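# Breakdown of the fold
Here is how the chains run, residue by residue.
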Amino acid sequence: MRETRPVETTPARGDAVAPSAHRIPLTCDRLVTWADRQAGTVLVLPAVLVILALSIFPLLFSLYLSLARFQPVAGGFRFQFVGLLNYRKLFVGSEQEHFLGRLGSLGLFGWVVLVALAALFAVLLWRSLRAEPVTPLRLLGHGIVAVAGLAALWLAVGTIASGGRPGTLVVTWVYVFGGVALQFLIGLLLAVLCAQQLPGRRFFRVVFLLPMMITPVGVAYTFRMLTDTGKGPFAPVANWLGYANVSWVNDPWGARIAVMIGDLWQWTPFMFIVLLAALESQSPEPVEAAIVDGASRWQIFWHITLPQIAPVASTVVLIRLIEAFKIFDMPNVLTGGGPGTATESLTLHAYVLWRSLDYGTSAAVAYSLLFVVTFVGIAYVRLLHRRVTTLG
Amino acid sequence: MALHWRTSPTRPGPLAMLASYAILTVWALVVLFPLYWLAITAFKLPIHVNEGPTYVPFLDFQPSLHAWRYILVDLGNDTLRPYLNTVIVGITSSVLTLLLGAAATYGLSRFTYRIRLASVLVFLAGAVLAAAGMEFGLPWQLAVAGGLGAFALAWATALRRVGGPRLGNADIAFWMISQRMLPPVAIVIPIYILFQRLTLLDTRTALVIAYVAANLPIAVWLLRDYFQTIPIELEESAAIDGANRYQILWRIVLPLALPGLVATFLFIFVLAWNEYLLALFLSSAKAQTMPLLVAAQNATRGPQWWYMSVLILLMIGPVIALAIVLERYIARGLLLGAVRG
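Everything quoted here is computed from the prediction, not taken from an experiment.

### Let's talk about the overall build of chain A
Helices and strands together make up the secondary structure of chain A, namely 17 helices and five strands. Classification of the 392 residues of chain A by burial places 41% in the buried group. Here the analysis covers contacts within chain A between residues at least 6 apart in sequence; of these, 70% occur between residues at least 24 apart.

Structure below.
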């Protein structure tokens, strides 16, 4: 499927018949030369094949599943093709409130938040558009992102406003964008501190990695233990505050925050370790030069360190964004998606439907999630990632 | 230039040092408290857990080894077998992922690939036909042959230089990462059916294959940025000295990218070590892994916190050891030394 013409841009192999290679028998020599010439293909092909084998088949099957309805029949089951019925159910039918939520009245404050966020979004788009020459195709792409982004903002602010109820889609956005932003900031802070010449920093570096090492199911159960208002370590505090027997996990936002804290606890280490590695492999010359020029620590960080680690930072945020969209164990174990469906993420939504044998709608939720993630991923890569990495 | 360890430019002053320690200590406490709670729960009797929180062993409650005895002695082989499975699957899949991932990443960062869109479409069409064929009762061998045929056809399309716009390296990389986007809940059923057809269900092989495919995109994306920071001059001089691509990759690029390789290995190993959902579907008895055993302690009588804590601690042990051993490789100056030395 790929045209195997690795265009040699970089190291000039030149007339790469090595002086030493003459000693090898001719056929072997030829083989080596051939393999060397095909290096581009040989290097990438195994990975591509492995990923292909385990992605194309499941993807197509799931797509078919999302367009069908599961029917138990005598002696087994069958899938009946129903077209877009499952999707209709999600967006305008019986699952609408579960999936999209219910809009509340925005009020003055709601409008202010919405306009502020929209303005921020517009500035980001405008700057991205200005970065490269404007072509009709890019204009169209930015237009689509603008419309979709505004619709998403409106849905998020509208359902979170008083009287509204965010559906699983918006709850997932809260986990993803809120969670990843916090994880990035804390991870970056810790990485910068740990990259300094501090005595004992190795201890901190190892300790900070620990949460990532624990199986997510285990972390979820650990946090369920910790947040238990009867047996958990914070039970006396809860009692003292007058929450005895009233689990604070019963409050929708309390429960969502609990889920986010668990996720934060587990995944900040990932940000930390990757950013730390990036900080430690940056070249020291520019920093030294800046010190000679009398730059302040903040200036050095903002103008030299940050641009140097930007490609890694951008990648790590993208990976976490994608992974965070699939958040499952934490809400499933910690709150069971409750109270009601307040903490249910899209993956959990799909799982709940799947458990009740509604395979079709479950696959439709999963495909909607895939669509949202792909859209966010592409928008992120086009708007931000390409601008900070050289190879984009 | 002489290679010696100079004072780091980022050595903080006393006040900044104090502030740094304060922040680091706070976060260390945040990290350690849940682990402390896990550790003491592993030594509590059920009755002590249910009575309400107790904090300090010997003062608050009398520690007991009952949970450890149950897990290690009473369950015995039923704990050992999942443990061995987890170790074997974790190491095998991570090493394979790192090898394939490093090769692919090096290719993506040093060669320019151009794929015709038409080739991709031809391949996809072939795959759809093969899948549809399977759906209507063709034997799977025929379907696989069809898939390979489509692949060859796509290859031929590419070689004959026909059709449409071309896709570049960034598109390949994005395609790889996009494979992580579909929620596992949705792809796990097709994958189950796939391994069922291959009669690989409940084997470690199935888990290894699944984990390699699942973690490769992450490995490629993490390594890509490390490979880009390696100075190209070193590779050029090696090429002039007569080294071929594979020698350059093995002797120059990989050693230089070591911090990135270590970080990536650690990450994908942890992912494989802790993976739950795929294991839940692909293994039952023989290939059961530890996360399944942990979740299994949430029985009809409610979560058995004490057993769960013991199992989680058993799972954390080796990864902590690994983190301590490998941490030193993520040290500063490897690249620095190479350019200067």
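### Details of the overall build of chain B
Tallying secondary structure elements over chain B gives 16 helices and four strands in all. Within chain B, the fraction of its 341 residues that count as buried is 43%. The contacts in chain B between residues at least 6 apart in sequence include a share of 76% that link residues at least 24 apart.

### A closer look at the UniProt feature "transmembrane region" (unreviewed entry) in chain B
Annotation from UniProt places "transmembrane region" (unreviewed entry) at residues 21-40, 83-108, 115-134, 140-160, 172-195, 207-227, 248-273 and 305-326 of chain B. Between the C-alpha atoms that bound residues 83-108 of chain B the distance is 36 Å, and the span itself is 100% helix and 0% strand.

### Focus on the domain arrangement of chain B
Residue and element names in this part refer to chain B. Domain boundaries assigned for chain B yield domain 1 (20-64) and domain 2 (78-111 + 202-341). The distance between the C-alpha centroids of domain 1 and domain 2 comes to 30 Å. Of the residues lining the interface, seven residues belong to domain 1; the matching set on domain 2 comes to six residues. Taken together, the elements giving at least two residues each to the side of domain 1 that touches domain 2 come down to helix 1 (14-41) and helix 2 (46-50). Broken down by element, the residue count for the side of domain 1 that touches domain 2 peaks at three residues, all from helix 1. The residue inventory of the side of domain 1 that touches domain 2, partitioned by class, reads five nonpolar, one polar and one charged.

### A few points about the domain arrangement of chain A
Per the domain assignment, the segments of chain A are domain 1 (19-46), domain 2 (104-166) and domain 3 (169-388). Taking the mean C-alpha position of each, domain 1 of chain A and domain 2 of chain A sit 53 Å from one another.

### Structural notes on the interface of chain B and chain A
Taken together, the contact pairs 114 residues of chain B with 102 residues of chain A. Grouping the constituent residues of the side of chain B that touches chain A by class yields 83 nonpolar, 20 polar and eleven charged.

### Thoughts on the UniProt feature "transmembrane region" (unreviewed entry) in chain A
This chain's UniProt record puts "transmembrane region" (unreviewed entry) on residues 42-65, 108-127, 139-161, 173-194, 206-223, 257-279, 300-322 and 364-384 of chain A. Helix and strand shares over residues 364-384 of chain A are 100% and 0% respectively, and the end C-alpha atoms of the span are 29 Å apart.

### Overview of the confidence of the model for chain A
As a note on interpretation, predicted positions should not be read in detail where pLDDT is low. All names here are of chain A. When pLDDT is averaged along chain A, the result is 81, and 90% of the positions lie at 70 or above. Strand 1 (residues 3-8) is the least confidently modelled element of chain A, averaging 42 in pLDDT, while helix 8 (residues 168-194) averages 93, the highest of any element. Within the model, pLDDT remains below 50 along residues 1-22, and this stretch shows 46 contacts once partners closer than five positions in the same chain are excluded.

### Thoughts on the nonpolar core
Membership of the largest hydrophobic core comes to 182 residues, with the highest contact counts inside it found for Val274 and Leu275 of chain A together with Ala210 and Leu311 of chain B. When residues of this core are assigned to their parent elements, the largest contribution, 18 residues, is made by helix 9 (residues 204-228) of chain B. Those residues within four positions of Leu311 of chain B in sequence are excluded, and the remaining contacts are Ile71, Met290, Leu293, Val294 and Gln297 of chain B.

### Observations concerning unusual backbone geometry
Positive phi is not limited to glycine here, since Leu357 of chain A has a value of about 65°. For Leu357 of chain A, the location among the structural elements is in the loop between helix 16 (346-355) and helix 17 (359-388). Non-glycine residue Asp202 of chain B carries a positive phi angle of around 60°. Note on placement: Asp202 of chain B falls in the loop between helix 8 (184-197) and helix 9.

### Observations concerning helix 9 (residues 201-213) of chain A
The terminal C-alpha atoms of helix 9 of chain A, which comprises 13 residues, lie 19 Å apart, in line with the 18 Å expected from a rise of 1.5 Å per residue. All buried positions along helix 9 of chain A are accounted for by Phe204, Arg205, Phe208, Leu209, Pro211, Met212 and Met213 of chain A.

### A look at the packing of helix 12 (residues 252-280) of chain A against helix 12 (residues 258-274) of chain B
Where helix 12 of chain A contacts helix 12 of chain B, the axes come no closer than 10 Å and their chain directions differ by 170°. It follows that helix 12 of chain A is roughly antiparallel to helix 12 of chain B by the angle criterion. On helix 12 of chain B, the residues touching Phe270, Ile273, Val274, Ala277 and Glu280 of chain A of helix 12 of chain A are Pro259, Gly260, Ala263 and Phe267 of chain B. Class assignment for the residues of the contact of helix 12 of chain A with helix 12 of chain B results in seven nonpolar, one polar and one charged.

### A look at helix 10 (residues 216-226) of chain A
Along helix 10 of chain A, eleven of the eleven residues are buried, which leaves the element largely enclosed by surrounding structure. Within helix 10 of chain A the residues assigned to the buried category are Pro216, Val217, Gly218, Val219, Ala220, Tyr221, Thr222, Phe223, Arg224, Met225 and Leu226 of chain A.

### Re the environment of Trp267 of chain A
All names here are of chain A. Structurally, Trp267 can be placed in helix 12. A C-alpha to C-alpha distance of 8.4 Å links Trp267 and Arg320, two positions 53 residues apart in sequence. Setting aside anything within four residues of it in sequence, one finds Trp267 in contact with Gln183 and Arg320.

About the criteria used
- Residues numbered from 1 in each chain as written.
- Chains lettered and ligands numbered in written order.
- Predicted model: local features only at pLDDT ≥ 70, side-chain atom pairs only at ≥ 80, totals over all residues.
- Helix = DSSP H or I, 4+ residues; strand = E, 2+ residues; numbered from the N terminus.
- Buried ≥ 20, exposed ≤ 12 C-beta atoms within 10 Å, placed from the backbone.
- Contact = placed C-beta atoms within 7 Å.
- UniProt positions renumbered as here; feature names shortened; annotations may be inferred.
- Domains from an automatic or database assignment.
- Nonpolar A, V, L, I, M, F, W, Y, C, P; charged D, E, K, R; others polar.
- pLDDT = per-residue confidence, 0-100.
- Core = buried A, V, L, I, M, F, W, Y, C linked by C-beta atoms within 7 Å.
- Expected span 1.5 Å × (residues − 1).
- Axes fitted to C-alpha atoms, helices over the stretch in contact; angles between N-to-C directions.
- Parallel < 35°, antiparallel > 145°, perpendicular 65-115°, else oblique.

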